[in-house]
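Descriptive analysis of the structure
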Amino acid sequence: MVTPVEFLKGAGDGTRVVIRYALHDDPAGSATDALGYLSGTDATHCVVATVRGLTTIAFADVIAAKEVPPPPAPRPR
């Protein structure tokens, strides 16, 4: 079985992903998600291009990750 970090390291740039990662600045120890396109990885981090901009995530904080399908087409008005 492939771990979430192994998946991210093997996924190519431009792959649409969702990543659940830990928030260390929250005293409750909660987590959040980043949804977007993988924009790069190095030995310890990955970068995801989200609608809010680039999000850098440490691999040590990654809880889960997977590829997701493209967003649906806009609805006609």
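Here, every reference points to the structure presented above.
Residues numbered from 1 in each chain as written. Predicted model: local features only at pLDDT ≥ 70, side-chain atom pairs only at ≥ 80, totals over all residues. Heavy atoms only, no water.

The subject of this paragraph is the nonpolar core. Membership of the largest hydrophobic core comes to 13 residues, with the highest contact counts inside it found for Leu8, Ile19, Leu38, Cys46, Val48, Ile57 and Val62. Per-element tally for this core: the top contributor is strand β1 (residues 16–22), with three residues. Discounting residues that sit within four places of it in the chain, valine 62 has contacts with Pro4, Val5, Leu8, Ile19, Arg20, Tyr21 and Ile57. (Core = buried A, V, L, I, M, F, W, Y, C linked by side-chain atoms within 4.5 Å. Buried < 20%, exposed > 50% of the residue type's maximum accessible area, 1.4 Å probe, protein only. Helix = DSSP H or I, 4+ residues; strand = E, 2+ residues; numbered from the N terminus. Contact = heavy atoms within 4.5 Å.)

Turning our eyes to something else, we now look at the sheet that holds β1. Across the sheet, which stays open at both edges, the five strands sit in the order β4-β3-β2-β1-β5 with antiparallel pairing between neighbours. Edge positions in the sheet fall to β4 (53–58) and β5 (62–67), since each has one partner strand and no second. The average undirected angle you get between the axes of adjacent strands in this sheet is 40°. In this structure, strand β2 (residues 31–41) lies alongside strand β3 (residues 45–50), joined through four bridges in antiparallel fashion. Its bridge partner being in β3, glycine 40 is matched across the sheet by valine 47. (Pairing = 2+ DSSP bridges. Axes fitted to C-alpha atoms, helices over the stretch in contact; angles between N-to-C directions.)

This part takes up the layout of surface pockets. Within this model, the largest pocket holds a volume of roughly 190 Å³. Tyr21, Thr32, Asp33, Ala34, Leu35, Thr50, Val51, Arg52, Gly53, Leu54 and Thr55 are the residues that line the largest pocket. Secondary-structure elements contributing two or more residues to the lining of the largest pocket are β2 and β4. Of all the elements, β2 adds the most residues to the lining of the largest pocket, at four residues. Residue composition of the lining of the largest pocket, grouped by class: five nonpolar, four polar and two charged. (1 Å grid on protein atoms, 1.4 Å probe; cavity = no way out; pocket = protein on both sides within 12 Å on 5 of 7 lines; lining within 4 Å. Points joined across faces, edges and corners; volume = space filled by probe spheres on them. Nonpolar A, V, L, I, M, F, W, Y, C, P; charged D, E, K, R; others polar.)

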